Amino acid sequence: MMFVVPCYNEEEVLSVTASTLRRKLLALKESQSIGMTSGIIFVDDGSKDATWNIIERLHDEDPDTMHGVKLAHNKGHQNALYAGLMQALHIGADVSVSMDADLQDDPDAVDQMIEEYRNGAEIVFGVRDNRDTDTAFKRGTAHAFYAFMGWLGAETVPDHADYRLMSHVAMEALSQYGEVNLFLRGIVPSLGFRTAKVYYKRGARVAGESKYPLGKMVTFALEGVTSFSTKPLSLIVTVGVLSVIIGVVMLVYTLVSVFSGHAVAGWGSLMCSLWFIGGFILMAVGIVGEYIGKIYLEVKARPRYFVEKSF
């Protein structure tokens, strides 16, 4: 088994994370739940602090357990996670468990994940049992996002981030996905293998600051929507039909205003119509632009990342 831990500017928490996960590995090895060659893969996503230096030190202290992958440039959380999973696959790990470096995901939930894997699940999702630690705004927007993704037809697991167990078979299947715009929370559930869920209580960050402020969360949500559904494009047709209907109603209103001698009064309604139509057009162009941008990135077929160092 390999823990896969993407890291970006995590120097404040990384030593604590390594110590905690090492203890968990030792406990699992002693109970013979995992093999003696199990370890941890830290993926440095182009950090600007001492994250990679700490990973190198951890490897020097325990080369059999601590492994590292250094990306040449910051490529985002999903690409860093994917790089770690592919490294685990390359090493020959029968199972990988991905989790963030902040230790908000409870490592003790791994025991139950392994049990579900032994019972036949190829993918086991770590799911929060509640969101009491979140603000009302974050909790509400998170639930709205999952509901919206479900309506669009994308397979996602509500209240699941990227804390999951994947078997070797599942990682092999994931390696076949060549898209540049990765949204693993949608891709992994769509692989089609037998899955299970393990519920756990999510804690607070041990140290450091969140790497997902509001702006990045919004971008991440848009990435998920545009990567897994074309329904927004279909909605443009609906909006266009509504605009035409509104235009016909306003035309009738304008004619009535002219013949009744109140043409000036209709000026405001006409202006409102122009604003509505203009807004709908801009919205439609923006949505189409998002998809064209995705196509542009995909057809260039550039590598997702370059590995500068690994051990």
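## What to know about the packing of aromatic side chains
Next, step 1: Under the counting rule described, the total for this entry stands at 2 aromatic pairs.
Next, step 2: For the pair tryptophan 52 and phenylalanine 311, a centre-to-centre distance of 5.3 Å together with 40° between the ring planes defines the contact as tilted. Here phenylalanine 311 lies in the segment after strand 8 (307–310) and tryptophan 52 lies in helix 2 (residues 51–61), a separation of 259 residues in the sequence.
Next, step 3: Ring geometry for tyrosine 163 against tyrosine 200: centres 5.2 Å apart, planes inclined by 90°, an arrangement best described as edge-to-face. One end of the pair, tyrosine 163, is in strand 6 (residues 160–167); the other, tyrosine 200, is in strand 7 (residues 195–200), and 37 residues separate them in sequence.

## Structural notes on unusual backbone geometry
Next, step 1: Although it is not a glycine, glutamine 32 sits at a positive phi angle of roughly 60°.
Next, step 2: Tracing the backbone shows glutamine 32 in the loop between helix 1 (14–30) and strand 2 (39–44).
Next, step 3: Judged by relative accessible area, which is 70%, glutamine 32 ranks as exposed.
Next, step 4: One non-glycine residue, aspartate 159, lies in positive phi territory at about 65°.
Next, step 5: Accessibility expressed as a relative area gives 16% for aspartate 159, which makes it buried.

## With respect to a nonpolar patch on the surface
Next, step 1: A cluster of nonpolar side chains, contributed by Val241, Leu242, Ile245 and Val249, occupies part of the molecular surface with about 350 Å² of accessible area.
Next, step 2: Within the secondary structure, leucine 242 sits in helix 9 (residues 231–259).

Rules behind the numbers
Residues numbered from 1 in each chain as written. Predicted model: local features only at pLDDT ≥ 70, side-chain atom pairs only at ≥ 80, totals over all residues. Heavy atoms only, no water. Phe/Tyr/Trp six-rings, centres within 6.5 Å; stacked < 30°, edge-to-face > 60°. Helix = DSSP H or I, 4+ residues; strand = E, 2+ residues; numbered from the N terminus. Buried < 20%, exposed > 50% of the residue type's maximum accessible area, 1.4 Å probe, protein only. Patch = residues over 30% accessible without salt bridge, like charges linked within 9 Å, V, L, I, M, F, W, Y side chains within 5 Å. Areas by Shrake-Rupley, 256 points an atom, 1.4 Å probe, with all protein chains shown as cover. Salt bridge = Lys/Arg side-chain N within 4 Å of Asp/Glu carboxyl O.

Geometric values such as these leave the question of function open.
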